[in-house]
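In case you want the letters, here they are:
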Amino acid sequence: MNIKTTRFGEIEVPEECIILFAGGLPGFPGETKFALFPYEKESPFSIMQSVTNPDLTFLLADPYRFYNDYMFELDDQMAIDWGFSTANPPHVYTVATLKDTLEQMTVNLLAPIVVNWVTRIGAQLIIENKHYSVQQLLFPEGVKMKPAPKETERGG
Amino acid sequence: MLVLTRKPGEKIFIGDNVSLTVVEVKGDSVRIAVDAPREVKIYRGEIYEAIIAENKAAVIAGDMKQLDGLKKLK
């Protein structure tokens, strides 16, 4: 489908990229449909663009590429309701906030976006964890990726 | 806005499915029990407000060139 956007002009995105957020997002309760696509091929970043509001564009970051031990608990009933399983695990994104420089960019670890790519539904959860911040620095050691952990060290 | 006075043990119903009970008042703290269907999300006010503020701050303003430095990251 074609989407009018302020940042990219008119873009064509496949239906498979359109995610329904039935409850909208905190602060944007009426925004229920977003296109979600990679920022660049193999990038840890994605773009989330409202289908109905050309001005509403978010940058998302894959939290596991930056914080190896990032975790939160998904409500059992939600996992069942959403049809998550080992064959269809939830995909997790965090919302990035741009600052004056990329070094100052932060991500919101307390409100991850969870997507079921099979049913194409999503939601922004609010988790409680005193170790995480709504403004966690993404690049505390400069704009680069940490070396990937060895396979044996990777969490489940 | 409706403002009510309640004593410990007393309740407030919001609609048909949500009730608040004042459990205890101690100094400047009030303990409240919330009874609501599972699909009704309940958050502490300051947390929910912080998420709203951060979402609004996260909307990309300006052009995408400011992100060019991220292109090299794989």
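So, a few notes on the structure that sits alongside this text. Given the structure is predicted, the values throughout are model-derived calculations rather than measurements.

Description of the packing of aromatic side chains
Residues and elements named next belong to chain A.
Alright, step 1. According to the stated counting rule, one finds twelve aromatic pairs over all chains in the structure shown.
Alright, step 2. On the numbers, 5.9 Å between centres and 80 degrees between planes, the contact of Phe28 with Phe58 is edge-to-face. In this pair, Phe28 is assigned in the loop between β3 (18-20) and β4 (33-38) and Phe58 in strand β6 (residues 57-61), connecting sequence segments 30 residues apart.
Alright, step 3. In this structure Phe58 comes out as buried when scored by relative accessible area, which is 1%.

Notes on the side chain of Ser46 of chain A
Residues and elements named next belong to chain A.
Alright, step 1. Relative to the helices and strands, Ser46 is located in strand β5 (residues 45-50).
Alright, step 2. For Ser46, a relative accessible area of 10% puts it in the buried group.
Alright, step 3. If we ignore the near neighbours within four places in the chain, the residues touching Ser46 are Leu36, Phe37, Pro38, Tyr39, Phe58, Leu59, Leu60 and Tyr93.

Re a nonpolar patch on the surface
Residue and element names in this part refer to chain B.
Alright, step 1. Taken together, the side chains of Val25, Val30, Ile32, Val34, Val40 and Ile42 define a hydrophobic patch exposed on the protein surface, amounting to about 480 Å² of accessible area.
Alright, step 2. If one sorts the elements of the nonpolar patch by residue count, strand β3 (residues 29-35) sits on top with three residues.
Alright, step 3. Mapped onto the elements, Ile42 comes out in the loop between β3 and α1 (45-58).
Alright, step 4. Since its relative accessible area comes to 47%, Ile42 is described here as partly exposed.

A short note on the pattern of salt bridges
Alright, step 1. Tallying each qualifying case throughout the model produces six salt bridges over all chains.
Alright, step 2. Asp75 of chain A is the salt-bridge partner of Arg38 of chain B, the closest N and O atoms lying 3.8 Å from each other. With Arg38 of chain B in the loop between β3 and α1 and Asp75 of chain A in the loop between β6 and α1 (76-82), this pair bridges two chains.
Alright, step 3. Judged by relative accessible area, Arg38 of chain B falls into the partly exposed class, the value being 46%.
Alright, step 4. Relative accessible area serves as the criterion here: at 42%, Asp75 of chain A is assigned to the partly exposed category.
Alright, step 5. Asp81 of chain A is paired through a salt bridge with Arg38 of chain B; the nearest N and O atoms lie 2.9 Å apart. Of this pair, Asp81 of chain A sits in helix α1 while Arg38 of chain B sits in the loop between β3 and α1, which puts the two residues in different chains.
Alright, step 6. The class of Asp81 of chain A is partly exposed, set by a relative accessible area of 47%.

Side note on the interface of chain A and chain B
Alright, step 1. With 43 residues of chain A in contact, the opposing surface of chain B contributes 27 residues.
Alright, step 2. A buried area of about 2,900 Å², summed over both sides, lies between chain A and chain B, and 64% of it is on carbon and sulfur atoms.
Alright, step 3. If you sort the residues of chain A by the area they bury against chain B, Arg7, Tyr39 and Ile126 of chain A come out on top, with a joint share of 21%.
Alright, step 4. For the pair chain A and chain B, the interface holds three salt bridges.
Alright, step 5. Elements supplying a minimum of two residues to the side of chain A that touches chain B: β5, β6, α1 and β7 (91-97) of chain A.

Digging into the environment of Glu103 of chain A
All names here are of chain A.
Alright, step 1. For Glu103, the position within the fold is in the loop between β7 and β8 (106-107).
Alright, step 2. Here Glu103 falls in the partly exposed class, since its relative accessible area comes to 43%.
Alright, step 3. Filtering out sequence-adjacent residues up to four positions away, Glu103 remains in contact with Leu137, Phe139 and Val143.

What to know about the nonpolar core
Alright, step 1. In this structure, Phe45, Leu59, Met105, Leu138 and Phe139 of chain A together with Leu67 and Leu70 of chain B are the most contacted members of the largest nonpolar core, which totals 48 residues.
Alright, step 2. Contributions of two or more residues to this core are made by β4, β5, β6, α1 and β7 of chain A.
Alright, step 3. Per-element accounting of this core gives the leading share, three residues, to α1 of chain A.
Alright, step 4. Other than its neighbours up to four places away in sequence, Met105 of chain A contacts Phe45, Leu59, Ala96, Thr97, Leu98, Lys99, Gln136, Leu137, Leu138 and Phe139 of chain A together with Leu67 and Leu70 of chain B.
Alright, step 5. Counting residues in each nonpolar core, the second largest holds 15 residues, with Leu25, Met48 and Ile113 of chain A together with Ala58 of chain B among its members.

Examining the pairing of strand β2 (residues 9-12) of chain A
Residues and elements named next belong to chain A.
Alright, step 1. In the sheet, strand β1 (residues 2-5) pairs with β2 via four bridges, with the strands oriented antiparallel. Its bridge partner being in β2, Thr5 is matched across the sheet by Gly9.
Alright, step 2. The turn linking β1 back onto β2 is made up of three residues.

A short note on the sheet that holds β3 of chain B
Residues and elements named next belong to chain B.
Alright, step 1. Sheet architecture is open: three strands sit in the order β1-β2-β3, paired in antiparallel fashion. Each having just a single partner strand, β1 (11-14) and β3 make up the two edges of the open sheet. Here the strands of the sheet are splayed against their neighbours by 25 degrees on average, with no regard to which way each runs.
Alright, step 2. Here four bridges tie β1 to strand β2 (residues 18-26), and the two strands are oriented antiparallel to one another. In the strand pairing of β2, Ile14 is matched with Val18.

The rules behind each value
- Residues numbered from 1 in each chain as written.
- Chains lettered and ligands numbered in written order.
- Predicted model: local features only at pLDDT ≥ 70, side-chain atom pairs only at ≥ 80, totals over all residues.
- Heavy atoms only, no water.
- Phe/Tyr/Trp six-rings, centres within 6.5 Å; stacked < 30°, edge-to-face > 60°.
- Helix = DSSP H or I, 4+ residues; strand = E, 2+ residues; numbered from the N terminus.
- Buried < 20%, exposed > 50% of the residue type's maximum accessible area, 1.4 Å probe, protein only.
- Contact = heavy atoms within 4.5 Å.
- Patch = residues over 30% accessible without salt bridge, like charges linked within 9 Å, V, L, I, M, F, W, Y side chains within 5 Å.
- Areas by Shrake-Rupley, 256 points an atom, 1.4 Å probe, with all protein chains shown as cover.
- Salt bridge = Lys/Arg side-chain N within 4 Å of Asp/Glu carboxyl O.
- Buried area = accessible area lost by both parts, 1.4 Å probe.
- Core = buried A, V, L, I, M, F, W, Y, C linked by side-chain atoms within 4.5 Å.
- Pairing = 2+ DSSP bridges.
- Axes fitted to C-alpha atoms, helices over the stretch in contact; angles between N-to-C directions.

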